[in-house]
Amino acid sequence: MAQVVRTIDTPVFLDGVPYHAQVCARPDGHIWEGWIEFIADDGSDVRRTPRETTQPDLDAMVYWATGLSGTYLEGALARTLTKPAVTAREVAEPFFDEPDRP
């Protein structure tokens with residue numbers, strides 16, 4: 001089951017709209033796969049990246065998530081523009097159970 005491993009307080013902007021990011025992960029066999037979800041400040045738009053990383057365990061995933069820079073997040077949000085958005089919910093859970101598939 002997917003879980004949020006890090007929430008990022010500093011918003012990332014897309015066309016002037018602030019998005020808050022959360023790093024999500026799930027076990028996939030003997031590894032963990034991680035992706036990033038972006039939630040518009042007003043809750044009107046939620047986007048997810050394809051799988052951004054695989055890590056050997058949850059601790060390694062959390063460590064990876066703590067190193068994400070603002071520049072990385074901007075690029076990740078830009079990569080979500082090729083996929084349609086979904087409507088946000090006000091919960092502290094992943095919106096998706098897996099990363100986006102290309």
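Here's a quick rundown of the structure. Source: prediction; values computed, not measured.

Points about the pattern of salt bridges
When charged atoms on two side chains of opposite charge get close, those side chains can pair.
Then step 1. This structure, assessed with the given rule, holds 5 salt bridges.
Then step 2. Arg26 serves as the salt-bridge partner of Glu33, at 2.6 Å between the closest nitrogen and oxygen.
Then step 3. The exposure class assigned to Arg26 is buried, which follows from its relative accessible area of 18%.
Then step 4. Its salt-bridge partner being Glu98, residue Arg26 comes within 3.6 Å of it at the nearest N-O pair. Linking Arg26 in strand β2 (residues 17-28) with Glu98 in the segment after α2 (70-79), this pair joins segments that are 72 residues apart in sequence.
Then step 5. Bridged by salt links that share partners, the residues Arg26, Glu33, Arg51 and Glu98 form one connected network.

Section: unusual backbone geometry
What you tend to see is this: most non-glycine residues have negative phi, and most peptide bonds are trans.
Then step 1. Despite not being glycine, Asp15 shows a phi value in the positive range, around 50°.
Then step 2. Among the structural elements, Asp15 can be located in the loop between β1 (3-14) and β2.

A few points about α2
Then step 1. All buried positions along α2 are accounted for by Leu73, Ala76 and Leu77. Seen along its axis, α2 keeps its buried residues to an arc of 100°; they face one direction. For α2, the exposed residues set more than 90 degrees away from the buried face come down to Thr71 and Glu74.
Then step 2. Along its buried surface, α2 packs onto β1, β2, β3 (31-40) and β4 (46-48).

Rules behind the numbers
- Residues numbered from 1 in each chain as written.
- Predicted model: local features only at pLDDT ≥ 70, side-chain atom pairs only at ≥ 80, totals over all residues.
- Heavy atoms only, no water.
- Salt bridge = Lys/Arg side-chain N within 4 Å of Asp/Glu carboxyl O.
- Buried < 20%, exposed > 50% of the residue type's maximum accessible area, 1.4 Å probe, protein only.
- Helix = DSSP H or I, 4+ residues; strand = E, 2+ residues; numbered from the N terminus.
- Arc of directions from axis to C-beta.
- Contact = heavy atoms within 4.5 Å.

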